[in-house]
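Residue-level listing of the chains:
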Amino acid sequence: MKRVLVIEDDPDIVLSLRHNLEREGLFEVTAARDGEAGLAEALRRPPDLVILDLGLPGLDGVELCRRLRREPETARLPIIMLTARVDEAARVAGLNAGADDYVAKPFSVRELMARVTAVLRRSEADPGDRLGDPPLLLDLPARRVEVDGRDVELTRREFDLLADLLRHRGRVLTRDRLLRVVWGYDIPGETRTVDVHVRKLRQKLGPAVAERLETVVGVGYRWRDGS
Ligand code: CA
């Protein structure tokens, strides 16, 4: 059974999520009503997935997400954000803070369940030490990259950038997020660094593989999912 931590101050939404997630016997739900309690619970006993409301009293969802990403125990925990706000600024703030996915309220239970399944599948698909998208293969412990069985020499940043994109395939990763995860910066305005590295990475990978690394205009980059 997968453990889901719901961090949400609206008791009706918690009730509905609990009911729907626990119905099939696949999930066990723990709930927290504010950001501080949610953070403490996530760190004490990291769940398999977090469903996080963006608008929380006290520590808000975006800040909470950032903190979860900073702690080693929860750095790669799948996080789905809930928000009443459907504007792009909120979506980008959530993605920048490291959320894996985003559902706008009011949401249908079917939609949310589909996102939960997809996010968990993506996190399980990560085999830990190898990431691949034939003909591309990454050996994470050895930090080796092959295309068609041929070694490709990447710098450390290029390798980390590629690994982060592959781990989150199908998702748009903003430049700010990549800068923070790959470079450890939190400096807006340095995002051109990301563009420069993406350009070099595409050259080294060659056109057949590089076409999977898509530019999402005005937002960031995405490793195209699909076969
Ligand atoms: Ca709320």
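Residues numbered from 1 in each chain as written. Predicted model: local features only at pLDDT ≥ 70, side-chain atom pairs only at ≥ 80, totals over all residues. Heavy atoms only, no water.

Participant: Break down the overall build of the protein chain for me, with residues and values.
Facilitator: Counting its regular elements, the protein chain contains nine helices and twelve strands. In terms of overall size, the protein chain behaves like a compact globule, its C-alpha atoms giving a radius of gyration of 18 Å where 227 residues would be expected to give roughly 17 Å. By principal-axis analysis of the C-alpha atoms, the protein chain measures approximately 55 × 40 × 30 Å. When the 227 residues of the protein chain are sorted by exposure, 49% land in the buried category. Looking at the protein chain alone, contacts between residues at least 24 apart form 57% of all its contacts between residues at least 6 apart. Summed over its atoms, the accessible surface of the protein chain is roughly 11,300 Å², and 50% of this surface lies on carbon and sulfur atoms. Taking the average location of the 39 positive side-chain charges in the protein chain and that of its 40 negative ones, the two points are 3 Å from each other. (Helix = DSSP H or I, 4+ residues; strand = E, 2+ residues; numbered from the N terminus. Rg over C-alpha atoms; globule rule 2.2 N^0.38 Å. Buried < 20%, exposed > 50% of the residue type's maximum accessible area, 1.4 Å probe, protein only. Contact = heavy atoms within 4.5 Å. Areas by Shrake-Rupley, 256 points an atom, 1.4 Å probe, with all protein chains shown as cover. Lys, Arg positive; Asp, Glu negative; His and termini not counted. Charge placed at Lys NZ, Arg CZ, Asp CG, Glu CD.)

Participant: Can you break down helix H7 (residues 175-183) residue by residue, with the values?
Facilitator: For H7, a buried count of seven out of nine residues is recorded, marking the element as mostly surrounded by other parts of the structure. Restricting attention to buried positions, one finds in H7 the residues Arg175, Arg177, Leu178, Leu179, Arg180, Val182 and Trp183. In the core, the buried residues of H7 are packed alongside helix H4 (88-96), helix H6 (156-167), strand S10 (172-174), helix H8 (192-205) and strand S12 (220-223). Just downstream of H7, Gly184 is the residue with a positive phi angle, here 75 degrees.

Participant: I'd like a rundown of empty space enclosed by the protein, residues and numbers included.
Facilitator: Here the structure, examined in full by the defined rule, presents one cavity of 30 Å³ or more. When its volume is computed, the largest cavity comes out at roughly 50 Å³. Along the walls of the largest cavity sit Leu95, Gly98, Ala99, Asp100, His168, Arg171, Val172, Leu173 and Arg177, which together make up its complete lining. A breakdown of the residues in the lining of the largest cavity according to their chemical character gives four nonpolar, two polar and three charged. (1 Å grid on protein atoms, 1.4 Å probe; cavity = no way out; pocket = protein on both sides within 12 Å on 5 of 7 lines; lining within 4 Å. Points joined across faces, edges and corners; volume = space filled by probe spheres on them. Nonpolar A, V, L, I, M, F, W, Y, C, P; charged D, E, K, R; others polar.)

Participant: Go over the sheet that holds strand S7 (residues 136-139), please, and point to the residues and values.
Facilitator: Pairing is antiparallel in the open sheet, where four strands are placed in the order S6-S7-S8-S9. Two strands lie at the open edges of the sheet, namely strand S6 (130-133) and strand S9 (150-151), each paired on one side alone. Note: S7 against strand S8 (residues 144-147), four bridges, orientation antiparallel. When the sheet's bridge partners are listed, Leu136 is paired in S8 with Val147. (Pairing = 2+ DSSP bridges.)

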